[in-house]
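Residue-level structure breakdown
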Amino acid sequence: MDYLKLSKELSYALRHAPWEYELELDDEGWVDVRQLLSSLHECREWQELSEQDLHVMIEKSDKKRHEISDSKIRALYGHSIPQKVLKDPNAPPEILYHGTARRFIQAIKENGLLPRNRQYVHLSVDTKTALQVGKRRDDEPALLRVQALKAWTESVKFYIGNDKVWLADTIPSKYISFE
Ligand code: HQG
């Protein structure tokens, strides 16, 4: 079983294009595991796929991207579908980080951190994780430091993604330091 490929396919289905799999996410992004499996079984590559494989994939993954509960599965972050996945607002830690490409810095200074193609801005709990995120776009990424708790108390909403990832609505640049 190619678990990396499976994880990518699930992220695509659950974050970006559920309709291509005849799936409909509920308000919190969940779909029935049985429905997901029956859709994937139509594809030759995933004919033998079982619920157990989904558990193993989540277990083996480098990041906690998906979760299964009560025979339902969802992506924990990253969504780009038009229907907004609802999350409960949560008080964040004092500081969160965002790793990005140097070429975006000027625009972020001007407009703050925007969700762009996704539903939420993505932030990291530590600098190592943030730099890994930034490396996807720049060999020497910029590391932004976000005064998350201060922004929260001044009414910017934050939400939990997983143990390393926080989500937020647009973050004005006055809460961001650019080192
Ligand atoms: C940038 C991956 C110009 C922002 C990662 C980022 C993460 C602006 C890009 C998760 C801007 C959006 C999300 C502004 C923000 N002007 N650029 N005003 N505001 N940007 O991929 O945070 O492996 O949507 O800095 O690890 O990079 O897929 O967000 O560079 O956790 O599970 O616009 O995706 O996780 O890029 O990454 P993205 P992200 P997975």
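Chains are numbered independently. Their residues run from 1 in the order of the written sequence. Owing to the predicted nature of the model, reporting of local features is limited to residues with pLDDT of at least 70; listing and counting of side-chain atom pairs is limited to 80 or more, with chain, interface and lining totals taken over all residues. Hydrogen atoms and water are omitted, and side-chain values are computed over all heavy atoms in the structure.

Put simply, a salt bridge is a Lys or Arg side-chain nitrogen that is within 4 Å of an Asp or Glu carboxyl oxygen. According to the stated counting rule, one finds 7 salt bridges in the structure shown. Taking the shortest distance from any N to any O, the salt bridge between K72 and D32 comes out at 3.3 Å. Taken together, the residues K72 in strand β3 (residues 72-75) and D32 in strand β1 (residues 31-32) connect sequence positions 40 residues apart. Accessibility expressed as a relative area gives 30% for K72, which makes it partly exposed. E154 is paired through a salt bridge with K150; the nearest N and O atoms lie 3.1 Å apart. Think of it in three bands: with a 1.4 Å probe and only protein chains considered, a residue is buried below 20% of the maximum accessible area for its type, exposed above 50%, and partly exposed in between. Exposure remark for E154: the relative accessible area of 38% places this residue in the partly exposed category. In this structure K150 comes out as partly exposed when scored by relative accessible area, which is 40%. Counting from the N terminus, the helices are DSSP H or I runs at least four residues long and the strands are E runs at least two residues long.

This paragraph deals with the sheet that holds strand β2 (residues 66-69). If DSSP finds at least two bridges between two strands, the strands pair. Strand order in this open sheet of 3 strands is β1-β3-β2, and the pairing throughout is antiparallel. For this open sheet the edge positions go to β1 and β2, each flanked by a neighbour on one side alone. For β1 and β3, the ladder comprises 2 bridges, and the chain directions are antiparallel. Bridge pairing in β3 links V31 to I73. Any two residues having at least one pair of non-hydrogen atoms within 4.5 Å are treated as being in contact. Axis angles are defined between N-to-C directions and span 0 to 180 degrees, where every axis is a line fitted to C-alpha atoms and, for a helix, only to the segment in contact. Relative to the sheet, helix α1 (residues 3-16) contacts β1, β2 and β3, its axis offset from that of β3 by approximately 85°. Seen against the sheet, helix α3 (residues 51-60) touches β2 and β3 and runs at an angle of roughly 135° to β2.

Think of it this way: a Phe, Tyr or Trp ring, Trp meaning its six-membered ring, pairs with another when their centres are within 6.5 Å, and the plane angle makes it stacked under 30 degrees, edge-to-face over 60, tilted otherwise. Counted by the stated rule, this structure contains 2 aromatic pairs. Between the aromatic rings of Y120 and Y159, the centroid separation amounts to 4.9 Å while the plane-to-plane angle is 55°, which identifies the pairing as tilted. In this pair, Y120 is assigned in the loop between α4 (105-111) and β5 (121-124) and Y159 in strand β7 (residues 158-160), connecting sequence segments 39 residues apart. Residue class for Y120 comes out buried when judged on its relative accessible area of 6%. Since its relative accessible area comes to 7%, Y159 is described here as buried.

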